[in-house]
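# Remarks on the overall topology
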Amino acid sequence: MSRNDWEVVIGMEVHAQARTRSKMFCGCSVAELNEPPNTHTCEICLGLPGVLPVINRAAVEACLKAALSLNCEIPRHTKWDRKNYMYPDLPKGYQISQYDLPMSIDGYLDVGERRVRIRRVHLEEDTGKLIHAGDKLHRAWESYVDLNRAGVPLMEIVSEPDIRSAEEARDYAMELQRVLRYVGASEAEMEKGQMRVEPNISLRRTGSDELGVKTELKNINSFRALHRAIGFEVERQIELIESGGTVVQETRGWSEAEARTFSQRSKEFAEDYRYFPEPDLPPLEVDRAWIDELRLGLPELPSVRRERLAKELPHAIAAAISADRYLADLYEQAVANGAPSAPTANWIVNVVAPTGKFLSGENLAELMYLTASGAITRDQAQETFMESVETGKTPAEIVAEHGYAQVSDESELKVIAEAVIDANPKAAADFRSGKKQAMQALMADLRKRAPQANPTVANEVLLKVLG
Ligand SMILES: [Zn+2]
């Protein structure tokens, strides 16, 4: 048997936090990461008796936007169900989710050449979080419960097992993140726990249609970890089967430190959550006109934009810009305001994106014009950019205030060049005797004396004076 005898079969379950201000069924605001425990709770999300949940319209809207952007159908009838289980981070003893009538079904997401079918996108509430503390040596363990996350709206996006490699799984998760962000359904920040990815992995003989026994991976908190964890799991399963063993259906965790997956709990017996319809919430009938309105309001999706921008920009630059809707909007606004496409795109990728700070397309166009015309140096352009972002002033205003604007006047530069040569007789002599690199020292001194000198013109003037 060889590696090629096996086909890898991967399905993905992704939980993404719906972008809302408040929780799924109560008015509590959604806590930021690391806020003091239990400061965003009320009788509803604490699960006290006698309270009634109320559906958060913004969460439904986020879920519908995600579903529509993933080409899903929105059935006429949808409802809420209780998923019952006992766990300390779930004081109600059940989680409100959607079982047999999810909010959306039968969509797909294209990832490169692969079409990954989406089985369903539904809404549910998050649970709380356990914090373990204590002294391992003396076995004095303490566990605390933080319910800030209890009731936070989550979208569960379930794919069919259409993915065939660790690379494809990572690309799928990245593309999904871009789509969710583009349509404003989720911020999908993995490090903040706003997007959790759980791949399930099985193997089958190449050419077979049957599905093998799958394992499900948890605790994955980056795209890199997703790629590594699946890679490890695929190799583990191949080795296991080829050495005569069998894969057990189970949930496995990923240890980043040890770079391996490990068994968490066996799933030989399907969990029985005793789902039943949530009696405190009416079935949800989503208004068709609202769906049409949301569909019409969807922005151009990242893959479409990437292809369109790739017609005018190098592929890698088009991909980098279209990955973020704000960068792509900025680029298009700047170009619409007359900025040249290639330098603007480079500027966005190399200067704007790393700072995470944004200016208007109009201001960027002005800045690009000032740079291209040689009015300001690249360093001055960077300073102007930062100041424009912080103060809201236009680049032209900033350049005027600072008295930037390069000196390109040859007679003015000639006086400075002569002073530089007088002050650096050795470098000047070296240059004249053929040591071309002596020019660097002369230019450095010139720029110190006249930071506003246009470097190209100054270099020419220096050469003239030396010659
Ligand atoms: Zn609450």
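Above this text is the structure in question.
Below: a short report on this structure. All residue numbers here refer to positions counted from 1 along the written sequence of the relevant chain. In keeping with the model being predicted, local features are shown solely for residues with a pLDDT of at least 70 and side-chain atom pairs are shown and tallied solely at 80 or more, while totals for entire chains, interfaces and linings include all residues. Each side-chain value is worked out from all heavy atoms of the structure, with water and hydrogens disregarded.

## Re the overall build of the protein chain
Helix and strand definitions follow DSSP, with helices as H or I runs of at least four residues and strands as E runs of at least two, each counted in order from the N terminus. When helices and strands are tallied, the protein chain shows 15 helices and 15 strands. The globule rule used for comparison is 2.2 Å times the number of residues to the exponent 0.38, while the radius of gyration itself is calculated over C-alpha atoms. Relative to the globule expectation of 23 Å for 467 residues, the C-alpha radius of gyration of the protein chain, 30 Å, shows a markedly less compact shape. Each principal axis of the C-alpha distribution contributes one length, and for the protein chain these read about 90 × 55 × 55 Å. To sort residues, take the accessible area from a 1.4 Å probe on protein chains only and compare it with the maximum for the residue type: under 20% means buried, over 50% means exposed, and anything in between is partly exposed. Here the protein chain, with 467 residues, has 45% of them falling under the buried criterion. Here the analysis covers contacts within the protein chain between residues at least 6 apart in sequence; of these, 68% occur between residues at least 24 apart. In the structure as shown, the protein chain presents an accessible area of about 23800 Å², 51% of it carried by carbon and sulfur atoms. By the counting scheme adopted, Arg and Lys are positive, Glu and Asp are negative, and His together with the chain ends is not counted. Think of each charge as sitting on NZ of Lys, CZ of Arg, CG of Asp or CD of Glu. Of the charged side chains in the protein chain, 57 are positive and 72 negative; the average position of the first set lies 2 Å away from that of the second. Only heavy atoms enter the contact rule, under which two residues are in contact if any of them lie within 4.5 Å. Residue burial considers only the protein chains on display, and all accessible areas are found by Shrake-Rupley using a 1.4 Å probe.

## With respect to the sheet that holds strand E11 (residues 215–218)
Backbone-to-backbone hydrogen bonds join strands into a sheet, with any given pair of strands oriented parallel or antiparallel. By the convention used here, strands pair only if DSSP detects at least 2 bridges between them. Pairing within the open sheet is mixed, and its 8 strands lie in the order E5-E6-E9-E1-E10-E11-E12-E13. At either margin of the open sheet sits one strand with a lone partner, and together these are strand E5 (104–111) and strand E13 (260–266). Taking the axes of each pair of neighbouring strands and ignoring which way they run, one obtains an average angle of 30° across the sheet. In terms of strand pairing, strand E1 (residues 6–17) meets strand E9 (residues 153–159) through 5 bridges, oriented antiparallel. Its bridge partner lying in E9, Val 14 is registered against Ile 157. Relative to the sheet, helix H1 (residues 57–69) contacts E5, strand E6 (114–125) and E9, its axis offset from that of E6 by approximately 170°. All axes here are fitted lines through C-alpha atoms, helices being fitted over the stretch that makes contact, and every angle between N-to-C directions spans 0 to 180 degrees.

## Here we look at the nonpolar core
In this structure, Met 155 and Tyr 172 are the most contacted members of the largest nonpolar core, which totals 65 residues. Counting residues per element, this core draws most heavily on H1, which supplies 8 residues. In these notes, a set of buried Ala, Val, Leu, Ile, Met, Phe, Trp, Tyr and Cys residues joined through side-chain atoms within 4.5 Å is what counts as a nonpolar core. The next biggest cluster of nonpolar side chains, apart from the first, holds 28 residues, and it includes Leu 330, Trp 347, Val 352 and Met 368.

## Thoughts on the packing of helix H12 (residues 410–423) against helix H15 (residues 455–466)
For the pair H12 and H15, interaxial distance at closest approach is 9 Å and the crossing angle is 60°. Judged on the interaxial angle alone, H15 and H12 are oblique. In this structure, H12 meets H15 at a crossing whose hand is right-handed. Judged by residue contacts, Glu 410, Leu 413, Lys 414, Ala 417, Glu 418 and Ile 421 of H12 engage Val 457, Ala 458, Val 461, Leu 462, Lys 464, Val 465 and Leu 466 from H15. Class assignment of the residues belonging to the contact of H12 with H15 gives a composition of 9 nonpolar, no polar and 4 charged. Roughly parallel refers to an angle under 35 degrees, roughly antiparallel to one over 145, roughly perpendicular to one between 65 and 115, and oblique to any angle outside these ranges. Left-handed describes a crossing whose near helix is turned anticlockwise from the far helix by less than a right angle; the clockwise case is right-handed. Basically, the charged four are Asp, Glu, Lys and Arg, the nonpolar ten are Ala, Val, Leu, Ile, Met, Phe, Trp, Tyr, Cys and Pro, and anything else, Gly included, counts as polar.

## Section: helix H3 (residues 223–242)
With 20 residues, H3 extends 29 Å between its outermost C-alpha atoms, agreeing within 8% with the 28 Å of an ideal straight helix rising 1.5 Å per residue. For H3, every residue scored as buried is listed here: Phe 223, Ala 225, Leu 226, Ala 229, Ile 230, Glu 233, Val 234, Arg 236, Gln 237 and Ile 238. Where H3 is buried, its residues touch E1, helix H2 (166–182), strand E10 (195–205), E11, strand E12 (250–255) and E13. Taken from the residues just after H3, Gly 244 is the one with a positive phi, measuring 95°. Here a helix's expected span is defined as the number of its residues, less one, multiplied by 1.5 Å.

## Side note on the pattern of salt bridges
Salt bridge, as used here, is a side-chain nitrogen of Lys or Arg placed within 4 Å of a carboxyl oxygen of Asp or Glu. Here the structure, examined in full by the defined rule, presents 39 salt bridges. Of the charged contacts, one joins Glu 125 and Lys 92 as a salt bridge, the two residues approaching to 2.8 Å between their closest N and O atoms. Remark: Lys 92 occurs in the loop between strand E3 (81–84) and strand E4 (94–97) and Glu 125 occurs in strand E6; sequence separation between them is 33 residues. Note that Glu 189 and Arg 181 form a salt bridge whose closest N and O atoms lie 3.4 Å from each other. Residue Glu 189 is classed as partly exposed on the basis of its relative accessible area of 23%. For Arg 181, a relative accessible area of 34% corresponds to the partly exposed category. Sharing partners across several salt bridges, the network here consists of Glu 300, Arg 305, Arg 308, Arg 325, Asp 329 and Glu 332.

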